[in-house]
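# Residue-level structure breakdown
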Amino acid sequence: MSEARRDGDIDWWSILSDPVFLADPYPVLRRLQARGPIHFDSASGIYFVLGHKAFSKVAKSTAMGRDTRRWTNGWSSPDYRLNDPVGYRLFSEFQPQMISNDGEDHARMRKVYEPAFRSQAMAAMAELIEIETQALLDAMPDAGETDFIAAYAAPLPLRVLCKLFDIPASMDETISRWSASLIRIGDILMLPEQKLEALAALNEFKDFLREQIAARRDADEDNLMGMAIRAHDGGTLDEEETLTNLVSMLVAGHETTVTLIGNGMLLLLRHDEEMARLRADRRLMRTAIEEFLRMEPGGNMILRVAREDFAVEGTLIPEGSPVIGLIGAINRDPARFDRADAVDIARPSNAQFTFGAGAHFCIGAPLARLEAQIAFSAVLDRYSRIALAGPPAWRLDRMNARGLASLPVRLERAA
C-alpha cells in the first residue's frame, strides 16, 4: 500500500486562509491537484483529497463518517479539553445533530425531517417560495443599480426557512447574525474570539428555539417546527438533539442557498452566452443549477473522519484520521469532467459533490435546488438585462463557506 503524497513545502492552513485563495481558489487547487489526488499534512494529521474518483470513494464509504469525536487528538480528546475549554464546549454543544453523527443515531435523527424534503413536499413549497421571491423583486428597482446579494440572494432563503418554521420576519436580522457566527464552525480552525462569539450565538439561538417550542407545543403544527416538537415529545429526539438540529437546519439551509443563488448569478454575469442561452430555453434551468453548484460551490471543504482503517486510491487512511475534500478541485477535476473549467449550463453528466454524497448527502438539497430554480426564473422574467455594475466582493472572513459579500448589478425591467 502506497502513501498519500507528503509535501513538506505545502502550508495547507496558510493557503486555505489566504485572502487571494478565498477570492479565487481554482489556480492554486489545480496546481495542487496536479501533484496528486490525496495529500497528507503531517503537521495536522489531515488527509486532503483533491481527486474526484478518490473523494467519491471517501464520501460514499461506510468506513468514513462525520462524527468528529472519532478524530484522534481532535476536539474531544482530553488534551484539547484541557487546553481549549471554550472550543471543547462549543464543539461538544454543537455535536448532537444529524450531520455530526453516524450509523443508527444519524439515521434516527434524519428520519424525523426527511418527509419535509421529499418531492411531494417540495411541490407544496413552490408556491411559498414564489410569493417570497416576488415580494423581494417588487422591492427592487425597475432600473438602476442594486446589490444582488443584499436585495435578493441573502434574504430569500432566510425568509423561506423562517416561513417553514413559522418564525416571524422580525427575527431575520438576529438569525442572520447568529448564522454568520455559527457558520465558521465549518472552518475547523477558529480564532479564540470566533469560538466565544459562536458559543454565545449557539446559546442564544437555543434559548430562542426553546421558548418557541414551549409556546407552540400544543399547536400540532404542520411544519418543520411541528416535526421537531413531535419527535421530541415522542422520545425520538432528546432536547439537545431537537435544538441543535433546528439550529443546524436554519444555519446551513440559509447559507447553502444564498451561495447557490449569488455564485450562480455571478457565473451568468461573467458568461453572457450562457445567460442568453438560459433566457432562451428555461428547460436548461435544472442542468444550469447543477453547473452552478459544480463551478462555484458554496463551500471549500467537506470533512470526514475514518471510522476504521480505509484504503483509497493506493493510500491507507488510519482509523481516527480526518479527511478534507477540497470541493473546488474535486468538482473541476479534468480526469472526470470535459472542459472542467468551462461553464456549460447544459452539461449532460454532472457528478458534482457540493452537497456531499452517501449517508450524509445534504438533506436540504432538494429545497436549495427548488429555491434556486424559482429565484433564477423569476429574476430573468422580471429583468430584460442584468449586468455587473462593479467588481463583486467575496466573503474573506471564513475559510469554508464560500459566498459573495456583495454583487453590484445594473438592472433593466422587462417590457
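Residues numbered from 1 in each chain as written. Predicted model: local features only at pLDDT ≥ 70, side-chain atom pairs only at ≥ 80, totals over all residues. Heavy atoms only, no water.

We apply this condition: UniProt positions are given in the numbering used here, feature names are shortened, and annotations may be inferred rather than shown by experiment.
As recorded in an unreviewed UniProt entry, the protein goes by Cytochrome P450 and comes from Aurantimonas aggregata. As stated in UniProt under Cofactor (unreviewed entry), the record for the protein gives "heme".

### Observations regarding the overall build of the protein
Let me state the cut-off plainly: Only DSSP runs of H or I covering at least 4 residues are called helices, and only runs of E covering at least 2 are called strands; the numbering of each starts at the N terminus. The quantity called the radius of gyration is restricted to C-alpha atoms. Its globule counterpart is 2.2 Å times the number of residues to the power 0.38. The cut-offs for exposure are 20% and 50% of the maximum accessible area for each residue type, with area from a 1.4 Å probe on protein chains only; residues under the lower value are buried, those over the upper are exposed, and the others partly exposed. Per-residue and other accessible areas follow the Shrake-Rupley method at a 1.4 Å probe size, with only the shown protein chains counted as cover for residues. Only four residue types enter the tally: Lys and Arg on the positive side, Asp and Glu on the negative side, with His and both chain ends excluded. Charged groups are reduced to one reference atom each: NZ for lysine, CZ for arginine, CG for aspartic acid, CD for glutamic acid.
Counting its regular elements, the protein contains 18 helices and 13 strands. By the compact-globule yardstick of 22 Å for 415 residues, the protein fits well, its C-alpha radius of gyration being 21 Å. For the protein, the C-alpha atoms occupy an extent of roughly 65 × 55 × 40 Å along the three principal directions. The buried share among the 415 residues of the protein stands at 57%. For the protein, the exposed surface amounts to about 17400 Å²; the carbon and sulfur share of it is 52%. Across the protein, 48 positive and 60 negative side-chain charges occur, with their mean positions spaced 4 Å apart.

### Some remarks on the packing of helix α6 (residues 85-93) against helix α12 (residues 192-216)
Just so we agree on the cut-off: Every axis in this analysis is a line fitted to C-alpha atoms, fitted for helices over the stretch in contact. Angles between the N-to-C directions lie between 0 and 180 degrees. It is the rotation of the near helix from the far one that decides the hand of a crossing: anticlockwise by less than a right angle makes it left-handed, clockwise makes it right-handed. By definition, residues are in contact when any of their heavy atoms lie within 4.5 Å.
The N-to-C vectors of α6 and α12 enclose an angle of 35°; their axes lie 9 Å apart at closest approach. In this structure, α6 crosses over α12, and the sense of that crossing is left-handed. Listed contacts from α12 to Val86, Gly87, Arg89, Leu90 and Glu93 of α6 are Lys195, Leu196, Ala198, Leu199, Leu202, Asn203 and Lys206.

### Points about the sheet that holds strand β5 (residues 143-147)
Within a sheet, neighbouring strands are paired by backbone hydrogen bonds and run either parallel or antiparallel to one another. Quick note on the threshold: Strands were regarded as paired on the criterion that DSSP finds at least two bridges between them.
Taken in spatial order, the three strands make up an open sheet running β5-β13-β10, and their pairing is antiparallel. Sheet topology places β5 and β10 (383-388) at the edges, where each strand pairs with a single neighbour. Taking each pair of neighbouring strands and ignoring which way they run, the sheet shows an average axis angle of 25°. The pairing of β10 with strand β13 (residues 408-413) spans five bridges and is classified as antiparallel. Each residue of the ladder has a partner; that of Tyr383, found in β13, is Arg413. On top of the sheet, helix α14 (residues 239-270) reaches β10 and β13; it is set at about 90° to β10, its chief contact. Relative to β10, helix α18 (residues 365-382) is tilted by about 105°, and along the sheet it contacts β10 and β13.

### Considerations on the nonpolar core
Inclusion rule: As used in this record, nonpolar core signifies buried Ala, Val, Leu, Ile, Met, Phe, Trp, Tyr and Cys residues forming a set joined through side-chain atoms within 4.5 Å.
Counting 99 residues, the largest nonpolar core has Tyr113 and Ile386 as its most contacted members. Per-element accounting of this core gives the leading share, 13 residues, to α14. Not counting chain neighbours up to four residues away, the residues in contact with Ile386 comprise Met265, Leu269, Met275, Arg279, Val379, Leu380, Val409, Arg410 and Leu411. Counting residues in hydrophobic clusters, the runner-up holds 21 residues, among them Leu22, Leu29, Leu32 and Ile46.

### A short note on α18
For clarity, the cut-off: Given the number of residues in a helix, its expected span is that number minus one, multiplied by 1.5 Å.
With 18 residues, α18 extends 26 Å from end C-alpha to end C-alpha; this agrees with the ideal 26 Å at 1.5 Å per step. Most of α18 sits inside the fold, with 14 of its 18 residues counted as buried.

### Observations concerning the pattern of salt bridges
Our working rule: Any Lys or Arg side-chain nitrogen located within 4 Å of an Asp or Glu carboxyl oxygen qualifies as a salt bridge.
What the rule picks out here adds up to 38 salt bridges. Residue Glu296 pairs with Arg402 through a salt bridge whose shortest N-O separation is 3.1 Å. Highlighted residues: Glu296 in the loop between α16 (285-295) and β6 (301-306) and Arg402 in the loop between β11 (393-394) and β12 (404-406), separated in sequence by 106 residues. In this structure Glu296 comes out as buried when scored by relative accessible area, which is 8%.

### Focus: unusual backbone geometry
The backbone of Asn73 shows a phi angle near 65°, a positive value even though the residue is not glycine. As for its placement among the helices and strands, Asn73 is situated in the loop between β4 (64-65) and α5 (78-83). Looking at Asn73, the relative accessible area reads 67%, which means it is exposed.

### Overview of the packing of aromatic side chains
We apply this condition: Only Phe, Tyr and Trp rings take part, Trp by its six-membered ring, and two of them pair if their centres are within 6.5 Å. Stacked means planes under 30 degrees apart, edge-to-face means over 60, and tilted covers everything else. Here, a charge over a ring means that NZ of Lys or CZ of Arg falls within 6 Å of the ring centre while also lying within 35 degrees of the ring normal.
Scanning the model with the defined rule gives 12 aromatic pairs in all. An angle of 55° between the planes, with centres 5.8 Å apart, marks the rings of Trp75 and Tyr88 as tilted. Taken together, the residues Trp75 in the loop between β4 and α5 and Tyr88 in helix α6 connect sequence positions 13 residues apart. Judged on exposure class, the residue Trp75 and its partner Tyr88 are both buried. Members of the aromatic cluster, joined through ring pairs, are Trp75, Tyr80, Tyr88 and Phe91. A cation over an aromatic ring shows up here: Arg332 above the ring of Tyr26, its NZ or CZ 3.6 Å from the ring centre. Of note, Arg336 hangs over the ring of Phe337, and the distance from its end group to the ring centre comes to 5.3 Å.

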